[in-house]
Amino acid sequence: MDPGLILLVFLAFLFAWLLNRVRRFFRLGPMGYAGVMIVFVVVMLAIWGQHIT
């Protein structure tokens, strides 16, 4: 398995954990939470795609 992909999965879990901790501070609803996660996934896939090419 690609080490970069493993790192991205780890960063995704870390980001989700941190976002869950501060979600109450920003008062994000389910739609805001889903929006932030979708943006994070798209950005991480773009970074990973740059690494591959």
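Before reading further, recall that the structure is shown in the block above.
This one's a predicted model, so the numbers in the text were calculated from it and none came from an experiment. Along each chain, the written sequence defines residue order, and numbers are assigned to residues from 1. Local features are withheld for residues below a pLDDT of 70 in this predicted model, meaning they are given only at 70 or higher, and side-chain atom pairs are given and counted only at 80 or more; totals for whole chains, interfaces and linings count all residues. Excluded from the side-chain calculations are hydrogens and water; all other atoms, namely the structure's heavy atoms, are used.

S.K.: I tried to follow the overall build of the protein chain on my own but got confused; where do I start?
M.R.: Looking only at helices and strands, the protein chain has two helices and zero strands in total. Partly exposed residues are those whose accessible area sits between 20% and 50% of the maximum for their type, while under 20% is buried and over 50% is exposed, using a 1.4 Å probe and protein chains only. Residues classed as buried in the protein chain amount to 9% of the 53 residues present. If you sum the accessible surface of the protein chain, you get close to 4,400 Å²; carbon and sulfur atoms cover 77% of it. The numbering of helices and of strands both runs from the N terminus, where a helix is a DSSP run of H or I of at least 4 residues and a strand a run of E of at least 2. Residue burial considers only the protein chains on display, and all accessible areas are found by Shrake-Rupley using a 1.4 Å probe.

S.K.: Please clarify how a nonpolar patch on the surface should be interpreted in this entry.
M.R.: The grouping of Leu-7, Phe-10, Leu-11, Leu-14, Trp-17 and Leu-18 at the surface amounts to a nonpolar patch, some 580 Å² of accessible area in total. Within the secondary structure layout, Leu-14 lies in helix α1 (residues 3–26). Owing to a relative accessible area of 34%, Leu-14 belongs among the partly exposed residues under this scheme. Surface patches are defined over residues having more than 30% relative accessible area and no salt bridge, joining like charges when they lie within 9 Å and nonpolar side chains (Val, Leu, Ile, Met, Phe, Trp, Tyr) when within 5 Å. The salt bridge criterion pairs a side-chain nitrogen of Lys or Arg with a carboxyl oxygen of Asp or Glu, the two atoms within 4 Å.

S.K.: Looking at this structure, how should I read the environment of Ala-12?
M.R.: Inspection of the secondary structure puts Ala-12 in helix α1. Considering only alpha carbons, one finds Ala-12 and Ile-47, 35 residues apart in sequence, at a separation of 13 Å.

S.K.: Honestly, the environment of Val-36 in this entry has me stumped. Any pointers?
M.R.: For Val-36, the location among the structural elements is in helix α2 (residues 30–52). Judged by relative accessible area, Val-36 falls into the partly exposed class, the value being 28%. Once the C-alpha coordinates of Val-36 and Pro-3 are considered, the two residues, 33 residues apart in sequence, prove to be 25 Å apart. Two residues qualify as a contact provided that any one of their heavy atoms is within 4.5 Å of a heavy atom in the partner residue. Excluding anything up to four places from it in sequence, Val-36 contacts Phe-15, Leu-19 and Leu-28.

S.K.: Sorry if this is basic, but what is going on with α1 here?
M.R.: Since one α-helical turn is 3.6 residues long, residues separated by three or four positions face the same way. Compared with an ideal rise of 1.5 Å per residue, which puts 24 residues at 34 Å, α1 spans 33 Å between its outermost C-alpha atoms and is within 8% of the ideal. Here the bend at each residue means the angle between axes fitted to two seven-residue stretches, the one ending at that residue and the one beginning there. The sharpest bend along α1 measures roughly 35° and falls at Asn-20. What α1 keeps buried is the set Leu-8, Ala-16 and Leu-19. Looking one or two residues beyond α1, the residue adopting positive phi is Arg-27, at roughly 55°. A helix's residues, less one, multiplied by 1.5 Å, set its expected span.

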